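A look at the structure
Read off the chains here:
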Amino acid sequence: QVQLVESGGGLVQPGGSLRLSCAASTNIFNMYGMGWYRQAPGRQRELVATFAARGSTNYASSVKDRFTISRDDAKNTVHLQMNSLKPEDTAVYYCNPGTHLLYYTASDIWGRGTQVTVSS
(Lines give C-alpha, C1' and ligand atoms only; values in the text may rest on other atoms or scores of the structure.)
Protein backbone atom coordinates (compact mmCIF):
# COMPACT_ATOMS: atom_id res chain seq x y z
CA GLN A 1 0.00 0.00 0.00
CA VAL A 2 1.34 3.40 -0.99
CA GLN A 3 1.96 5.76 1.90
CA LEU A 4 1.43 9.50 1.43
CA VAL A 5 2.63 12.28 3.70
CA GLU A 6 1.47 15.85 3.15
CA SER A 7 3.35 18.73 4.75
CA GLY A 8 3.91 22.46 4.52
CA GLY A 9 0.63 23.77 5.83
CA GLY A 10 0.30 26.47 8.42
CA LEU A 11 -1.14 29.84 9.29
CA VAL A 12 -0.56 32.62 6.80
CA GLN A 13 -1.96 36.11 6.31
CA PRO A 14 -4.08 36.96 3.28
CA GLY A 15 -1.85 37.62 0.32
CA GLY A 16 0.84 35.32 1.64
CA SER A 17 2.30 32.13 0.22
CA LEU A 18 2.78 28.53 1.23
CA ARG A 19 4.36 25.54 -0.45
CA LEU A 20 2.78 22.19 0.23
CA SER A 21 4.55 18.91 -0.34
CA CYS A 22 3.30 15.38 -0.75
CA ALA A 23 5.82 12.57 -0.44
CA ALA A 24 4.93 9.09 -1.65
CA SER A 25 6.57 5.84 -0.61
CA THR A 26 6.72 4.68 -4.25
CA ASN A 27 7.03 6.28 -7.68
CA ILE A 28 3.28 6.19 -8.18
CA PHE A 29 3.14 9.86 -9.19
CA ASN A 30 5.58 9.25 -12.02
CA MET A 31 3.34 6.52 -13.40
CA TYR A 32 -0.16 7.81 -12.78
CA GLY A 33 -0.02 11.50 -11.98
CA MET A 34 -1.74 13.02 -8.98
CA GLY A 35 -4.17 15.57 -7.71
CA TRP A 36 -4.37 18.02 -4.85
CA TYR A 37 -7.70 18.31 -3.06
CA ARG A 38 -8.93 20.43 -0.21
CA GLN A 39 -11.77 20.22 2.26
CA ALA A 40 -13.04 23.12 4.30
CA PRO A 41 -15.20 22.60 7.41
CA GLY A 42 -18.75 21.71 6.46
CA ARG A 43 -17.93 21.43 2.78
CA GLN A 44 -17.24 18.60 0.37
CA ARG A 45 -13.73 17.77 -0.71
CA GLU A 46 -12.91 19.63 -3.90
CA LEU A 47 -10.28 19.14 -6.56
CA VAL A 48 -7.74 21.95 -6.69
CA ALA A 49 -5.06 20.93 -9.18
CA THR A 50 -3.91 17.88 -11.09
CA PHE A 51 -1.15 16.68 -13.29
CA ALA A 52 -1.18 13.68 -15.56
CA ALA A 53 1.79 11.35 -15.75
CA ARG A 54 2.79 12.87 -19.08
CA GLY A 55 2.89 16.33 -17.57
CA SER A 56 -0.34 18.14 -18.43
CA THR A 57 -1.75 20.19 -15.58
CA ASN A 58 -5.19 21.49 -14.70
CA TYR A 59 -6.41 23.89 -12.04
CA ALA A 60 -9.72 24.78 -10.49
CA SER A 61 -10.87 28.20 -11.63
CA SER A 62 -10.73 29.44 -8.03
CA VAL A 63 -6.97 28.87 -7.82
CA LYS A 64 -5.82 29.31 -11.41
CA ASP A 65 -2.97 31.79 -11.76
CA ARG A 66 -2.33 31.61 -7.99
CA PHE A 67 -1.43 27.95 -7.43
CA THR A 68 1.19 25.91 -9.26
CA ILE A 69 1.62 22.15 -9.11
CA SER A 70 5.07 20.67 -9.66
CA ARG A 71 6.86 17.39 -9.21
CA ASP A 72 10.22 16.02 -8.14
CA ASP A 73 10.36 12.53 -9.61
CA ALA A 74 13.67 11.72 -7.99
CA LYS A 75 12.11 12.22 -4.56
CA ASN A 76 8.63 10.87 -5.37
CA THR A 77 7.31 14.22 -4.21
CA VAL A 78 4.77 16.65 -5.55
CA HIS A 79 4.45 20.27 -4.53
CA LEU A 80 1.70 22.84 -4.56
CA GLN A 81 2.94 26.41 -4.55
CA MET A 82 0.17 28.66 -3.30
CA ASN A 83 0.46 32.41 -3.76
CA SER A 84 -1.88 35.31 -3.09
CA LEU A 85 -3.71 33.23 -0.54
CA LYS A 86 -7.24 34.17 0.45
CA PRO A 87 -9.30 33.31 3.53
CA GLU A 88 -11.44 31.06 1.34
CA ASP A 89 -8.38 28.90 0.67
CA THR A 90 -8.52 27.77 4.29
CA ALA A 91 -8.92 23.98 4.31
CA VAL A 92 -7.18 20.70 4.87
CA TYR A 93 -5.22 19.86 1.74
CA TYR A 94 -4.76 16.28 0.53
CA CYS A 95 -2.85 14.66 -2.29
CA ASN A 96 -4.17 11.73 -4.24
CA PRO A 97 -2.31 9.56 -6.77
CA GLY A 98 -4.01 8.73 -10.02
CA THR A 99 -4.90 5.40 -11.57
CA HIS A 100 -4.45 5.95 -15.31
CA LEU A 101 -1.32 6.21 -17.40
CA LEU A 102 -2.58 8.92 -19.74
CA TYR A 103 -4.75 11.21 -17.63
CA TYR A 104 -5.47 11.82 -13.97
CA THR A 105 -8.34 9.97 -12.32
CA ALA A 106 -8.69 9.75 -8.55
CA SER A 107 -7.68 6.70 -6.57
CA ASP A 108 -8.77 5.70 -3.10
CA ILE A 109 -5.35 6.42 -1.60
CA TRP A 110 -5.22 9.37 0.77
CA GLY A 111 -2.85 10.81 3.31
CA ARG A 112 -3.80 12.62 6.50
CA GLY A 113 -3.68 16.02 4.90
CA THR A 114 -2.11 19.29 5.96
CA GLN A 115 -4.02 22.23 7.41
CA VAL A 116 -3.85 25.60 5.67
CA THR A 117 -5.33 28.57 7.48
CA VAL A 118 -5.44 31.99 5.86
CA SER A 119 -6.32 34.64 8.36
CA SER A 120 -5.19 38.03 9.56
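Right above here is the structure, for reference.
This section reports on the structure supplied with the text. (Residues numbered from 1 in each chain as written. Predicted model: local features only at pLDDT ≥ 70, side-chain atom pairs only at ≥ 80, totals over all residues. Heavy atoms only, no water.)

Right, let's get into the packing of aromatic side chains. Ring pairs (aromatic) are described by centroid distance and by the angle formed between their planes. Within this structure, the stated rule accounts for two aromatic pairs. The interplanar angle of 75° and the centroid separation of 5.0 Å between the aromatic rings of Tyr37 and Trp110 together place this pair among those described as edge-to-face. You can see Tyr37 sitting in strand S4 (residues 34-39) and its partner Trp110 sitting in the loop between strand S9 (91-97) and strand S10 (114-118), a full 73 residues away along the chain. Taking relative accessible area as the criterion, Tyr37 reaches 11% and is therefore assigned buried. We classify Trp110 as partly exposed; its relative accessible area is 33%. Here the aromatic cluster, defined as three or more aromatic residues joined through ring pairs, consists of Tyr37, Tyr94 and Trp110. Taking NZ or CZ as reference, Arg45 lies 3.9 Å from the ring centre of Tyr94, over its face. Residue placement shows Arg45 over the ring face of Trp110; its charged tip is 4.3 Å from the ring centre. (Phe/Tyr/Trp six-rings, centres within 6.5 Å; stacked < 30°, edge-to-face > 60°. Helix = DSSP H or I, 4+ residues; strand = E, 2+ residues; numbered from the N terminus. Buried < 20%, exposed > 50% of the residue type's maximum accessible area, 1.4 Å probe, protein only. Lys NZ or Arg CZ within 6 Å of the ring centre and 35° of its normal.)

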